[in-house]
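The primary structure of each chain is shown beneath.
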Amino acid sequence: MGVRALGGTAKIHLAELGFPPVSAENGLWRVGSVRSRLGSVTVRSADTPGADVTTEELAQAVCAVMSLYGLREGNGPRRVGVDYTSVLRAVSVGQGLLAALLARARGHALDAVAVDPVSAVLLPHGHYLAVAEAAPDVFRPRAGQGRPPPFRTLDGQWVEIETLRADAWGSWWRHLGIDGVTIGHAWREHAARQWTGRNRVPEALHTAVAARSLAELEAAAEDRGVAVTRLQPHGRHRPGALPWTSTAHRPPHGPPPVSGPPAPGSLPLSGVTVVECTRFLQGPYAGLVLALLGARVVLVELPGGDPARGIEPVVNGCFAGFRSLHRGKHPVRLDITSAPGRRSLLELVSGADVFLQNWPAGRAERLGLAPGALWRVNPHLICAQASGWAPLRGPRLPTVATDFSAQAHAGLAYAQRPVGEAPACSTTTMLDALGGMVCAEAVLAALLHRETTGRTAAVETSLLSSARLLLRDPRPSPAPLFHPLPAARGHLALSDTPRTRAVLGVSSHAGRRELVRALAGDSAAGWEHRLNSLGAACARVRDIGDIADDPATSRCLQHDQGVRVAAPWEFS
């Protein structure tokens, strides 16, 4: 398959990082030779037997992205209209390259990194895989009343309504005339959506919003801890290149202590210590990537433990999704709102290489834990924040930063849906996971910069900066093969090529109905085997429950108190 499986987006991303790869024989990017004063690191795709992920639609099908995305409507798998898996693969390539260069800078004789494109896509969906193994019914088709957000206002504006607090949610909907039982049902759906991929709220909530203008709703939300976020049009934010900002810091006491090269055969971040103060998904995914690359990650939890530990399904005393996010980390419990807790945290930070947090804007300053204060304790520390809106600031931003409000504000609600379809945010996490991947990449870049220049930095990534990586292309057109097609059993994703249409026996002008009729005589699995053997690229759409049993994807999984995705990098 070669490096084509990593995609052209990966090549662009490496160039944006400052390491343009060199094309190889036959004009294909099979081996990228990335040159720096540290020497060359060869970047290639790992072998992916049995999985054709050379295009966006096939990668989405093989890695269950289509089936997860389809949970929103509940009527079958759907394609995400942005190059989501291509960007995930690109960031994974960037992480692998930066980690290899960092290892070389530390004296490790690494020459190459191979990136598994399937594992790169599955890793940010690891929390879904863990929940699916522990409670398969969560992701099975089900009939349900109500419908998912967005909500449409009296003056025709599409909005997402966001809060992280149950009391704020209740106050808001009571103000709009909703009864307590309905509010409670809607909150359970709303609060669990990042784990279930669903958010079907009672119709009464849609009706209440439809009776009020956007201005009325914004005024009612102002003092209730709720954000009413209008779905911004596609093109509201321009595509981004480097998805983080960095503030350099020159330590007053010379270069950082040299930890020495990692031991032979060890991972690139062996010997690096990270102190992580995070919750939810974005920050934890950043810490997970650093742990997978060999760092010792100290996870700072609340004195009673992270509340997410008790979410259902609980397996061996811990929520399956929480365990998947924090495997390999070393938990400690501190009350950092107290003076003794902050002293204990600063003691941890004094011996660390990285401090990672995803606190709301202003919290670090209020706690006295902003980069300037941390550098007084450890002048060589990398300070990393995974935020909502950086580099933007100001009162016009949504007051609640979540995956879903960021999708709405960035224009992704329109960008991911074909022209002619109503805009909607994915109810599966898209930006939280990608934001965590990007934050880890920023930390690796800062560590490499520190190792080669002696200067440290504070880096900030955000849900918004990550969203801008997905906004490179125009809004997709409603082509007949855009969404996967139903077969006699299951769904099939096909690349719309003359070869595909010829093998199916349909004309170049055939529409979706004619294509569905052509597939009615066999299952999706049967068509996958037949069409691929005849050179017509296609893939059966896998459900999240199929990943553990399908040879194309199960090879990327490991089992230790629950399923987990193997690291996508192999260094040599």
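As shown above, the structure is provided for reference.
Residues numbered from 1 in each chain as written. Predicted model: local features only at pLDDT ≥ 70, side-chain atom pairs only at ≥ 80, totals over all residues. Heavy atoms only, no water.

1. A word on the sheet that holds strand 12 (residues 330–333)
The sheet built from seven strands is open, its strands ordered 7-15-14-13-8-9-12 with mixed pairing. Pairing within the sheet leaves two strands with one partner each, and these edge strands are strand 7 (245–249) and strand 12. Across the sheet, the axes of successive neighbouring strands diverge by a mean angle of 20°, strand direction being ignored. For strand 14 (residues 382–387) and strand 15 (residues 456–462), the ladder comprises five bridges, and the chain directions are parallel. (Pairing = 2+ DSSP bridges. Helix = DSSP H or I, 4+ residues; strand = E, 2+ residues; numbered from the N terminus. Axes fitted to C-alpha atoms, helices over the stretch in contact; angles between N-to-C directions.)

2. Observations concerning the packing of helix 1 (residues 8–16) against helix 4 (residues 84–105)
Look at helix 1 against helix 4: their axes get within 8 Å of each other, and the N-to-C directions meet at 45°. When the interaxial angle is binned, helix 1 and helix 4 end up oblique. As helix 1 packs across helix 4, the resulting crossing turns out to be right-handed. Residues T9, A10, H13 and L14 of helix 1 touch helix 4, and the partners they reach there are S86, V87, A90, V91, V93, G94 and L97. Looking at the contact of helix 1 with helix 4, its residues break down into seven nonpolar, four polar and no charged. (Parallel < 35°, antiparallel > 145°, perpendicular 65-115°, else oblique. Left-handed = near helix turned anticlockwise from the far one by under 90°. Contact = heavy atoms within 4.5 Å. Nonpolar A, V, L, I, M, F, W, Y, C, P; charged D, E, K, R; others polar.)

3. What about the packing of aromatic side chains?
Scanning the entire structure with this criterion turns up seven aromatic pairs. Each ring, one from Y128 and one from F139, has its centre 6.0 Å from the other, and the planes form 85°; the classification is edge-to-face. Remark: F139 occurs in the loop between helix 6 (126–134) and strand 4 (151–152) and Y128 occurs in helix 6; sequence separation between them is 11 residues. The residues Y128 and F139 share a single accessibility class, namely buried. By way of ring pairs, the aromatic residues F151, W169, W172, W173 and W187 are connected into one cluster. Looking at R279, its charged tip hangs above the ring of F280, at a distance of 4.9 Å from the centre. When the ring centre of W527 is taken as reference, the NZ or CZ atom of R530 above it lies at 4.3 Å. (Phe/Tyr/Trp six-rings, centres within 6.5 Å; stacked < 30°, edge-to-face > 60°. Buried < 20%, exposed > 50% of the residue type's maximum accessible area, 1.4 Å probe, protein only. Lys NZ or Arg CZ within 6 Å of the ring centre and 35° of its normal.)

4. A look at the pattern of salt bridges
Within the structure shown, the criterion is met by 27 salt bridges. Residue E421 is joined to R78 by a salt bridge in which the shortest nitrogen-to-oxygen separation is 2.4 Å. Of the two residues, E421 is situated in the loop between helix 17 (412–415) and helix 18 (431–453) and R78 in the loop between helix 3 (65–69) and helix 4; the sequence distance between them amounts to 343 residues. With a relative accessible area of 23%, E421 lands in the partly exposed category. For the salt bridge of D560 with R564, the shortest nitrogen-to-oxygen distance reads 3.9 Å. Given a relative accessible area of 46%, D560 falls into the partly exposed group. With relative accessibility at 25%, the residue R564 sits in the partly exposed group. Sharing partners across several salt bridges, the network here consists of R72, E73, R78, R417 and E421. (Salt bridge = Lys/Arg side-chain N within 4 Å of Asp/Glu carboxyl O.)

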